[in-house]
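An overview of the molecular structure
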Amino acid sequence: MPSKNISDIISTTDLIADAFKAPVMRIKPRSTKRPDKETALKVVRNEVERRVIAAIADEVKPIVEGAYEDFLLMNGDITEAPNADEWELALDDAVEPLLEPYVPYLSQSWLGQYTIDMGLHDHDGINIFCNRLGKEFFKEITFGKTDAQILSNAGIVIQHIEEALEIHNQSTQQEKNMSDLTLDDVVAKIAEHVGKDFDALSVYDDVDLASDDDDGLSEGAAARLGISMGDEVDVLRMERLTHGTDLCDIVNTKIEEYHTSGKKKKAAPKKPAAPAKDKPAAKTPAQKTVQAVAESGVLDDKALPADVLQALKLCGAQDTTMAQMLGYSRGTYNNYVNGKTPFTPTQTQYDTVRNEVIERLNKLHEVLATMDGTEAHVVF
């Protein structure tokens with residue numbers, strides 16, 4: 001069973017020295033400004049994170065590689081499989097039990113997302129999966145902890161960082177002045193490069209690599225994002241100090257906002273639309289489907305489209321819980337959610353889904369009534 005104590009997982013030998021090699025710790029030319037204690041703590045904390053992720057990934061990799069090789073011996077390569085989806089699902093089911101010792105350290109949302117369609121057969125798929133598991137492991141064991149608490153758990157004394165910082169700031173290292181670029185500027189360039197229909201997972205991984213202190217890792221990822229080494233990558237690295245790996249989600253969200261909120265000025269309407277205070281906002285197809293199920297309980301042939309399950313997921317219904325309630329494996333249920341397999345439920349399963357919709361819909365009606373100061377509409 002893995003340990004929650006970081007000091008049991010990594011070595012801190014030369015950790016502070018390695019952390020201080022981060023680009024943000026370089027001293028600018030002809031400047032009296034030096035890296036401060038807060039920045040020093042963050043780069044050391046990030047080095048701790050990097051080492052924990054690497055240690056856990058190295059620990060998990062032989063397990064996953066062994067399971068993958070055994071699976072290939074028994075089932076052959078995916079190119080030989082009559083049904084690729086079933087082959088992938090069987091591989092996921094073969095690997096997942098071996099990860100049981102790590103489950104207590106992984107969130108349900110992560111398990112629901114990354115233990116389905118693991119992509120182990122993809123190029124560098126095993127390394128990518130193990131690295132993701134290491135990131136989630138670190139995120140969970142440090143949840144709610146300050147940088148100082150994380151460092152303490154790693155056995156790093158703040159006084160040692162302060163002493164190293166004092167020596168570091170006496171150095172004559174130089175680098176060019178930081179530009180006035182902002183994160184929004186960099187995101188705009190990435191958004192233009194990856195386009196409106198970008199692959200969120202690929203961008204997530206590339207932002208993670210591009211913001212890494214290792215120039216070798218950064219360079220390839222930066223090219224895929226359409227940004228250059230130097231100022232633009234440095235902006236990501238600076239933001240990484242503040243947000244950690246959450247930066248990847250922040251960038252993805254900003255890219256979506258860039259494409260949906262209008263990066264270019266839109267032509268003004270010939271005639272402004274008259275205000276309609278009482279007119280409800282147009283519903284998405286998923287919202288219409290959920291409302292239809294909730295209010296009438298009837299759909300043609302009782303075949304529920306993926307929109308229903310996707311809307312439930314957005315409203316907080318966990319894939320694992322729903323799968324258990326409906327009597328499916330998580331992989332089978334995930335195929336229904338993603339529309340890979342048509343979902344034609346039994347009457348009992350239909351009622352289960354309908355009850356989940358009604359429960360959430362009524363809660364939202366209560367919230368809306370509270371906000372509007374009106375009576376809550378109740379759906380039965």
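From a predicted model like this one, the values you see are computed outputs, not experimental measurements.

The rules behind the values
- Residues numbered from 1 in each chain as written.
- Predicted model: local features only at pLDDT ≥ 70, side-chain atom pairs only at ≥ 80, totals over all residues.
- Heavy atoms only, no water.
- Helix = DSSP H or I, 4+ residues; strand = E, 2+ residues; numbered from the N terminus.
- Expected span 1.5 Å × (residues − 1).
- Polar contact = N/O pair within 3.5 Å; in protein donor to acceptor, adjacent residues only side chain to side chain.
- Salt bridge = Lys/Arg side-chain N within 4 Å of Asp/Glu carboxyl O.
- Buried < 20%, exposed > 50% of the residue type's maximum accessible area, 1.4 Å probe, protein only.
- Contact = heavy atoms within 4.5 Å.
- Patch = residues over 30% accessible without salt bridge, like charges linked within 9 Å, V, L, I, M, F, W, Y side chains within 5 Å.
- Areas by Shrake-Rupley, 256 points an atom, 1.4 Å probe, with all protein chains shown as cover.

**Here we look at helix α4 (residues 84-95)**
For α4, spanning 12 residues, the distance from its first C-alpha to its last is 17 Å, which sits close to the expected 16 Å at 1.5 Å a residue. For α4, the N-terminal capping position is held by asparagine 83, with its side-chain oxygen 3.1 Å away from the main-chain nitrogen of aspartate 85.

**Some points on the pattern of salt bridges**
The tally for this structure, following the rule as stated, stands at 18 salt bridges. Salt-bridge contacts for lysine 61 lead to glutamate 65; the nearest nitrogen and oxygen are separated by 4.0 Å. You can see lysine 61 and its partner glutamate 65 sitting in helix α3 (residues 37-75), 4 residues apart, about one turn around the helix. Residue class for lysine 61 comes out partly exposed when judged on its relative accessible area of 27%. The partner of aspartate 184 in a salt bridge is lysine 254, and the shortest N-O contact between them spans 2.9 Å. Placement of the pair is aspartate 184 in helix α9 (residues 183-194) and lysine 254 in helix α13 (residues 246-261), with a sequence separation of 70 residues. Residue classification places lysine 254 among the partly exposed residues on the basis of a relative accessible area of 24%. Three or more residues are tied together by salt bridges with common partners; here these are Asp18, Lys21, Glu47, Arg50 and Arg51.

**A look at the side chain of threonine 142**
Tracing the chain through its elements places threonine 142 in the loop between α6 (125-141) and α7 (147-153). Residue classification places threonine 142 among the buried positions, given a relative accessible area of 8%.

**A few points about the environment of methionine 25**
For methionine 25, the location among the structural elements is in the loop between α2 (15-19) and α3. Residue classification places methionine 25 among the buried positions, given a relative accessible area of 0%. Taking the C-alpha atoms as reference, methionine 25 lies 9.0 Å from aspartate 36; in sequence the two are 11 residues apart. If we ignore the near neighbours within four places in the chain, the residues touching methionine 25 are Ala19, Phe20, Pro35, Thr39, Ala40, Val43, Leu165 and His168.

**Focus on unusual backbone geometry**
Non-glycine residue aspartate 14 carries a positive phi angle of around 60 degrees. Relative to the helices and strands, aspartate 14 is located in the loop between α1 (6-9) and α2. For aspartate 14, a relative accessible area of 53% corresponds to the exposed category. Of note, aspartate 117 is a non-glycine position whose phi angle comes to about 55 degrees, a positive value. Secondary-structure assignment places aspartate 117 in the loop between α5 (108-114) and α6.

**Considering a nonpolar patch on the surface**
A surface patch of nonpolar side chains, about 320 Å² in accessible area, is lined by Val367, Leu368 and Met371. You can see methionine 371 is positioned in helix α18 (residues 347-372). For methionine 371, a relative accessible area of 65% gives the class exposed.

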